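Residue strings, one per chain:
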Amino acid sequence: MSVAVRYYSRSGNTQKVAEYIAEAAGVDAVSVDAKDAALSEKVDVLFIGGALYAYGIDENLKQYLKGISSDKVGKAVVFSTSWLSKHALDLIKSGLTEKGIPVESDTLYFKSKAVDGCKDEVVKFAKKYI
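Notes on the structure follow. (Residues numbered from 1 in each chain as written. Predicted model: local features only at pLDDT ≥ 70, side-chain atom pairs only at ≥ 80, totals over all residues. Heavy atoms only, no water.)

So, on to the pairing of strand β6 (residues 73–82). Burial within β6 is extensive, with eight of its ten residues counted as buried. Pairing of strand β3 (residues 43–50) with β6 involves seven bridges; the strand directions are parallel. Bridge pairing links Gly50 to Ser80 in β6. The pairing of β6 with strand β7 (residues 108–111) spans four bridges and is parallel. When the sheet's bridge partners are listed, Phe79 is paired in β7 with Leu108. (Buried < 20%, exposed > 50% of the residue type's maximum accessible area, 1.4 Å probe, protein only. Helix = DSSP H or I, 4+ residues; strand = E, 2+ residues; numbered from the N terminus. Pairing = 2+ DSSP bridges.)

Here is the structure:
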C-alpha cells in the first residue's frame with residue numbers, strides 16, 4: 001500500500017502530528033509549500049492536515065488542495081491541530097471532496113498544545129489506514 005503525508009503548519013503542532021503519521025507509515029512528511037509536495041505517483045492513502053487560521057485554512061494548503069488531482073489519490077485521511085476549533089477538518093474535507101477524492105469520515109484532531117505526548121494515539125490512528 002502506498003502512503004503519502006502532506007501538511008501545513010505555522011506553529012509546528014501539525015508538523016509534529018504529520019511526522020508521527022509518516023514515521024508509522026515509513027514515509028516522509030512533506031509540507032504542502034515544499035518543492036516536492038506534489039504527488040508524482042498515485043497513492044492509496046493521503047494523510048493531509050492543517051490548522052485553522054483566522055477562520056480559514058492557510059493559503060498554501062488551499063492552493064495545494066486546488067491543485068491536487070483525484071487520479072493521484074485513492075482516499076484521503078484528514079488531521080488537524082488548532083487553538084480554536086475543528087473547523088479546519090471540514091474545510092480540508094470539503095476541498096478534497098470538491099476534487100472528487102474520497103475522504104475517510106474518521107479524523108484526527110488535537111487542540112493547541114495537546115500534541116505533546118500524543119504519539120501513541122497518532123500511530124494507532126494512522127495504522128488503521130496503512
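With parallel pairing, five strands are arranged side by side in an open sheet as β2-β1-β3-β6-β7. Looking along the sheet, the strands with just one partner apiece sit at the ends: β2 (29–31) and β7. Across the sheet, the mean angle separating the axes of adjacent strands is 20° when strand polarity is ignored. Docked against the sheet, helix α3 (residues 87–98) engages β3, β6 and β7, running at close to 160° with respect to β6. Docked against the sheet, helix α4 (residues 119–127) engages β3, β6 and β7, running at close to 165° with respect to β7. (Axes fitted to C-alpha atoms, helices over the stretch in contact; angles between N-to-C directions. Contact = heavy atoms within 4.5 Å.)

Right, let's talk about the side chain of Thr14 for a bit. Note on placement: Thr14 falls in helix α1 (residues 13–25). Within the structure, the side chain of Thr14 is placed 2.5 Å from the side chain of Thr81, a separation counted as a polar contact. Leave out the neighbours within four places in its chain, and Thr14 touches Tyr7, Tyr8, Ser9, Gly49, Gly50, Ala51, Phe79 and Thr81. (Polar contact = N/O pair within 3.5 Å; in protein donor to acceptor, adjacent residues only side chain to side chain.)

What follows concerns the packing of aromatic side chains. The geometry of an aromatic ring pair is captured by the separation of the ring centres together with the interplanar angle, meaning the angle of the planes. All told, the structure shown has two aromatic pairs when counted by the stated rule. With centroids separated by 6.4 Å and ring planes inclined at 75°, the aromatic side chains of Phe47 and Tyr129 adopt a geometry described as edge-to-face. Taken as a pair, Phe47 in strand β3 and Tyr129 in the segment after α4 lie far apart in primary sequence, 82 residues in all. For the pair formed by Phe47 and Tyr129, the shared burial category is buried. Each residue in the set Phe47, Phe125 and Tyr129 is aromatic and connected to the rest through ring pairs, giving one cluster. Sitting over the ring of Tyr53, Arg10 keeps its end group 3.9 Å from the ring centre. (Phe/Tyr/Trp six-rings, centres within 6.5 Å; stacked < 30°, edge-to-face > 60°. Lys NZ or Arg CZ within 6 Å of the ring centre and 35° of its normal.)

Our next topic: the nonpolar core. Grouped together as the largest cluster of nonpolar side chains are 26 residues, with contacts concentrated most on Leu39, Leu46, Ile48, Leu61, Ile92 and Leu96. Contributions of two or more residues to this core are made by β3, β4 (52–53), α2 (59–67), β6 and α3. With four residues, α3 is the single largest residue contributor to this core. Once residues lying within four places of it in the same chain are set aside, the contact partners of Leu96 are Ile48, Leu65, Ala76, Val78, Ile101 and Val103. Val3, Val17, Phe47 and Phe125 belong to the second largest nonpolar core, which has 20 residues in total. (Core = buried A, V, L, I, M, F, W, Y, C linked by side-chain atoms within 4.5 Å.)

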